[in-house]
Amino acid sequence: MTTRREVLGWLAGLGAAVALPGRAEAATNVTAVRGVTLIDSSGVRPNTTIVVADNRIVATNPKTLPPEATTLNLHGKFVIPGLWDMHVHGAHLERITLPLCLVNGVTGFREMWGFPQIYDLRDRIERGETAGPKLVVGSAIIDGPHSTLPGATIAATPEEGRQAVRDATQADFIKVYSYLDRQTLEAIADECEKRNITFAGHCSNHVSMQDASDLGQRTFEHMYGLPLATSVKETQLRQAIAQLPLDPANPFAWFKQVLDIERQATLSHSRSKAERLANRLRRNNSALCPTMVTMRVFSSPADRFANDPRIKYMPTFYRDFWRDSLKNWAPTTEQEIRQQADFLQRRMEQTGEMHDHGVEILLGTDAGSPYTFPGFSVHDELELLTEAGLSPKAALNAGTQNTTIKPGAEANLVVLDANPLRDIRNTKRIHTVVARGKVLGPQQRRQMLADVEKAAQEPFPPQARMCC
Ligand SMILES: [Zn+2]
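Draft legend 1. A look at the overall build of the chain. Counting secondary structure elements, the chain contains 16 helices and 18 strands. Its C-alpha atoms give the chain a radius of gyration of 23 Å, within 12% of the compact-globule value 23 Å for 468 residues. With 468 residues in all, the chain has 47% of them scored as buried. Put simply, 73% of the contacts in the chain that link residues at least 6 apart link residues at least 24 apart.

Draft legend 2. Summary view of the nonpolar core. Ranked by size, the top nonpolar core spans 129 residues in total, and within it Val79, Ile142, Ile174, Ile188 and Leu385 carry the most contacts. No fewer than three residues from each of domain 1 (2-81 + 405-441) and domain 2 (83-402) sit in this core. Those residues in contact with Ile174, other than ones at most four positions away along the chain, are Ser139, Ile142, Val165, Ala168, Ile188, Cys192, Ile197 and Phe199.

Draft legend 3. How the structure looks around the packing of helix α2 (residues 94-103) against helix α16 (residues 442-455). Relative to each other, α2 and α16 sit at 155°, their axes nearing to 10 Å. In this view, α2 runs roughly antiparallel relative to α16, as classed from their interaxial angle. You can see that α2 and α16 cross each other, and the crossing is left-handed. In this structure, α2 contributes Arg95, Ile96, Pro99, Leu100 and Val103 to the contact, and α16 contributes Arg445, Met448, Leu449, Asp451, Val452 and Ala455.

Draft legend 4. Local environment of the environment of Leu390. Checked against the element boundaries, Leu390 lands in the loop between α14 (376-387) and α15 (392-400). For the pair Leu390 and Ile241, spaced 149 residues apart in sequence, the C-alpha separation works out to 32 Å. What Leu390 contacts, discounting residues up to four positions off in sequence, is Gly352, His355, Ile361, Leu385, Ala395 and Ala398.

Draft legend 5. Expanded view of the domain arrangement of the chain. Structurally, the chain comprises domain 1 (2-81 + 405-441) and domain 2 (83-402). Taken together, the contact pairs 18 residues of domain 1 with 19 residues of domain 2. Here the side of domain 1 that touches domain 2 is built from residues that sort into 11 nonpolar, three polar and four charged.

Draft legend 6. Region of interest: the packing of α14 against α15. Between α14 and α15, whose axes approach to 9 Å, the crossing angle comes to 135°. Here α14 is positioned oblique relative to α15, judged by the angle of their axes. Read as a crossing pair, α14 and α15 show a hand that is right-handed. On α15, the residues that touch Val378, Leu382, Leu385 and Thr386 of α14 are Pro392, Ala395, Ala398 and Gly399. When its residues are assigned to classes, the contact of α14 with α15 shows six nonpolar, two polar and no charged.

About the thresholds
- Residues numbered from 1 in each chain as written.
- Predicted model: local features only at pLDDT ≥ 70, side-chain atom pairs only at ≥ 80, totals over all residues.
- Helix = DSSP H or I, 4+ residues; strand = E, 2+ residues; numbered from the N terminus.
- Rg over C-alpha atoms; globule rule 2.2 N^0.38 Å.
- Buried ≥ 20, exposed ≤ 12 C-beta atoms within 10 Å, placed from the backbone.
- Contact = placed C-beta atoms within 7 Å.
- Core = buried A, V, L, I, M, F, W, Y, C linked by C-beta atoms within 7 Å.
- Domains from an automatic or database assignment.
- Axes fitted to C-alpha atoms, helices over the stretch in contact; angles between N-to-C directions.
- Parallel < 35°, antiparallel > 145°, perpendicular 65-115°, else oblique.
- Left-handed = near helix turned anticlockwise from the far one by under 90°.
- Nonpolar A, V, L, I, M, F, W, Y, C, P; charged D, E, K, R; others polar.

Shown next as structure tokens:
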């Protein structure tokens, strides 16, 4: 075992300085990953050695290795930074969500519906008491009246919007939803600015993406609002939305009608309007988190993904829960199925177009939504991002938050058996994951999956059945 003093001495010998807090005599785990091709947002570096001490990368390609380093000879393998899933539900299903993410190389995620149990989990992970990805946790979901979401915090007035922001004392960001009216969203934006916290979530059906971006909305989820914002008929279609009758007993019907207006909007797409929108999103530092993998499920016949073998890793109640969730959404007739496939295709192309204009695209899955799995679905989303027109390199940048692997950075690495730049599906061919310096090799990853499969069979308390 190496001590911190020895590691720091070795680093000084290299002429490198990396802070490694803690007592000098404390035992330090040192691992050298050798002979890999490193791929990150700075480029491709063949035959690289990465040295990790505790939870930090401390050197790349040093002349010597520190005393008693554990050496992993991984010649011929490829290393990318740990992946980030920017749209996840269900962190509180700890023994399911956390290991499935880690096994799949997801070393950080954004939880889109926060509550006390999840804030506590985030803090436990941060203190090193629980193994898991780094969590960034949203507030309770704030929505307007007639929300389709049971359990959302309803803000019907600007003052209620402000109060909801003030109440979110433990959240890392404020999550907004589809039914907020303009004045309430403005109040939320203003209160967020005062409190130095960002807001993110759905583009409200009552506010255009341009305006929500100007108000400071940091991310837009699920491609909602994008077809309208890029349609030459936006004004007319927005008037149609304003005139839609809303039956409070059936908010779903209204939401579905809005979505169909969005589908119609894709038929009057304007390239110049898209470019103007992109300029605005870029200027405001707003990003798109399209969650194509889950939108594909909602756009497909209900049974298309029902036999996914990965369902064995989810708690058994998910089988019914997912099937029931799709009942309100899935297309059934031949015509609906064709329309929905076309609608998805057009929205994906629009996302690719936004990327071409320099808008930041985030990798997010909406894990917890029907047939969208923690960890696994990240790799499906990477593939869909390339189908939308991103290069494998751009998709990887979206999935890794443009991280670079360099001394001083937290040690989150994914070792792959094949080159993801050649074929993005190679991100599924994971050999080893390093999460905050902890090495999860092939044997350990297999064991973790077996443990999840077992845990999934155990009963979960009813309050765990919460999603999306
Ligand atoms: Zn969601």
